[in-house]
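Listed here are the chains, written in short residue letters.
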Amino acid sequence: MTTILPGPAQQEQGRVSPVTGTPRWWSGNRLPRLLLALLFLVLLGYVFTQAGVHGRSYDEPLQDNYGQRTLSWYTSGGQDKRFLEYRDDLQMPQHGPFFETVVAVAQKVAKKTVDADPWQVRSVVTALAGVLGVLAIALCGLELGGWWLALVAALGLTLYPRYLGAIFNNSKDMPLAVAMLFTLWLVLRLVRRWPQGRRYLLDTALVGVSIGAAAAIRINALVWGGLLVMMAATWWVRYGRAAVRGGTWRASLFKQLRGGLVLGVATYATMVALWPYLILNPVFGLLDSFRSMSKYPWLNSILFDGQMVPAMNLPSWYAPVWLLIGSPLPTVLFALAGIGLISIDLIRGRASDLRPLLVVGAALVPLLMIIGMHATMYNGPRHFLFVIPPLILIAAYALVRLGRAVAARLGGGARTPVLALVVLALVASQVQVVAASARLYPYEYMYFSPVVGEYRGAQGRFETDYWAVCSREAAVWLADNWRQYAPTPTATFRNGFVPVQLTDNYLPPELKWAPAGRAPDFTFWMMRDFRADTWPDYRVIHDVVVEGYVLCQVKVRPDWAA
């Protein structure tokens, strides 16, 4: 039986030139490969030209310090345990440090070899991880349905503003999404190669390593254990009777058990190797991390649907609403269409390849768990960013499947032109997304769908610049203009509740960080902050404005005139 979407080996050959007898450059799979190569060249150019523009997030100084301390634990042979010395409420050791350690290694090497700025290195490395995410979803598309699906999926993730806009400064949720995508690809590959001799043990071990690495970023990645159990159960429901009648059920069961053992060992061994907290707490460390992440004690309230709501007591529709209003509308519609098509195939018994169902599970099972467990969440959709790429892959699946259905009706020779038109239609459908992102630049991660009236319609209803990355733009302005207001050759500065590292590299040495307990000469106020302004009597001298709404304010002490 054929699969729902033919894999790479099943795709038709391209037309040949009647003159040379060689395939045309645009025929068969050549065109999507060329377009994919072009896409990655553009993405790399974007990374290296924009790394210093998108600002730093509220979390980055803490995460950067955690990575440095974890690296010191490794380089000291386990003697330096400062990675354990954080405030109890932060629960930092229970957070996986894998990606932060990778960043710390890159910073150390770059500093030693080319004397690179650690923060610039951090932005570049994090962004390159984001590009790897686009590669991972392309590999998933290639595995699931060939080069055209690989291209459409890669374009879909690239054109998702809350992903692309966060690749420079989200070193926790975005790398988790990337690691989860690579795990999805390896699982899709494992399912295809499962019948091929004993190679399945190596493939299973690779899946375990990938899950372990992802869990060493955030413990959420262990949801893959449940997904794989569900996948095995689905196999028994669909093929179990035939296995019993054919006398192969015992061999199939033992094969799955062996695979499960290899998977578990590879997963835990990888987690321990990449997460010192588990080495020091081998019995209860993992359970402790589970408890911490399932109900993280973040006691603040967030803006949701026009009300301030406790982050530990969010309504059950928080995540679905954010997926709707934070995603491009075409992505949402095609994802729903893809889920519908896959469900219909399954109900009607037409699904000869169950891997599309696995992709649906990778998106919906974690989402349902988040809703059911009433997990602590804040900062828009960032804590469940990892469910978005599978939804994009499902949307791409639906779009390419539609294109192939049209091509089949028009005849085999129409395949490449029709699928090229599908790609053009995808890009055209994202005009609103590109235009909205351009207006928000460099704050693309604040994108909102037309469903809620775009960014303007979300004002006063939902969180916007929740990471205060506007502090970079405010600091750059202050660096150029502070002498107009200061009657002294030096001045002091404090960035409200935001760490000094968000702004220190952008300010001249004459602007010094104000000592604790002393009122500064200049300060920033982030409009997203839920706490009272520490210096409400300071005079506003500059606003950072996006689409008519203030994100940050630069303030000066009231007794300093312009």
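In this report, we go over the structure that sits alongside the text. Position labels on residues start from 1 in each chain and follow its written sequence. The predicted nature of this model means local features are confined to residues of pLDDT at least 70 and side-chain atom pairs, given and counted, to a pLDDT of 80 or more, with totals for whole chains, interfaces and linings taken over all residues. Processing note: side-chain calculations cover all non-hydrogen atoms of the structure and skip hydrogens and water entirely.

This brings us to the overall build of the chain. Every helix listed is a DSSP run of H or I at least four residues long, and every strand listed is a run of E at least two residues long, numbered separately from the N terminus. For the chain, the helix and strand inventory stands at 20 helices and 7 strands. The globule rule puts the C-alpha radius of gyration for 562 residues at 24 Å, and the 25 Å found for the chain is close to it. By principal-axis analysis of the C-alpha atoms, the chain measures approximately 85 × 60 × 50 Å. Each residue gets one of three labels from its accessible area relative to the maximum for its type: buried under 20%, exposed over 50%, partly exposed in between, using a 1.4 Å probe on protein chains only. Within the chain, buried positions represent 54% of all 562 residues. In this treatment the radius of gyration is a C-alpha quantity, and the globule benchmark scales as 2.2 Å times the residue count to the 0.38 power.

At the junction of Y441 and P442, the peptide bond is cis and its omega measures out at 0 degrees in the coordinates. Even without being a glycine, N379 presents a positive backbone phi close to 65 degrees. Within the secondary structure, N379 is located in the loop between α15 (355–373) and α16 (388–410). For N379, a relative accessible area of 5% translates into the label buried.

Axis geometry follows a simple rule: fit a line to the C-alpha atoms, using only the stretch in contact for helices, then measure angles between N-to-C directions, giving values from 0 to 180 degrees. Packing of helix α1 (residues 30–50) against helix α5 (residues 147–158) brings their axes to within 8 Å, and their N-to-C directions diverge by 25 degrees. Viewed along their axes, α1 and α5 adopt a mutual orientation that is roughly parallel. The way α1 lies across α5 gives a crossing that is left-handed. For the pair α1 and α5, the contacting residues are L31, P32, R33, L35, L36, L39 and L43 in the first and W147, W148, A150, L151, A154, L155 and T158 in the second. Residue classes in the contact of α1 with α5 are distributed as 12 nonpolar, 1 polar and 1 charged. Note on terminology: angles under 35 degrees are roughly parallel, angles over 145 are roughly antiparallel, angles of 65 to 115 are roughly perpendicular, and the others are oblique. Left-handed describes a crossing whose near helix is turned anticlockwise from the far helix by less than a right angle; the clockwise case is right-handed. We call two residues in contact when some of their heavy atoms are within 4.5 Å. Amino acids outside the nonpolar list (Ala, Val, Leu, Ile, Met, Phe, Trp, Tyr, Cys, Pro) and the charged list (Asp, Glu, Lys, Arg) are all regarded as polar, and Gly is one of them.

Now for the state of the cysteines. In this description, a disulfide is simply a cysteine sulfur pair whose atoms lie within 2.5 Å. Counting across every chain of the model gives 1 disulfide. The residue that forms a disulfide with C470 is C552, at a sulfur-sulfur distance of 1.6 Å. Between C470 and C552 the sulfur-sulfur dihedral comes to about 60 degrees; the bridge is accordingly right-handed. With C470 in helix α20 (residues 470–481) and C552 in strand β7 (residues 549–556), this residue pair connects regions lying 82 residues apart in the sequence.

A separate point is the sheet that holds strand β5 (residues 522–526). Strands are labelled as partners when DSSP assigns at least two bridges between them. The sheet built from 5 strands is open, its strands ordered β4-β3-β5-β7-β6 with mixed pairing. The two strands at the open ends of the sheet, each matched to only one other strand, are β4 (511–513) and β6 (539–546). Pairwise comparison of adjacent strand axes, ignoring direction, gives a mean angle of 25 degrees for this sheet.

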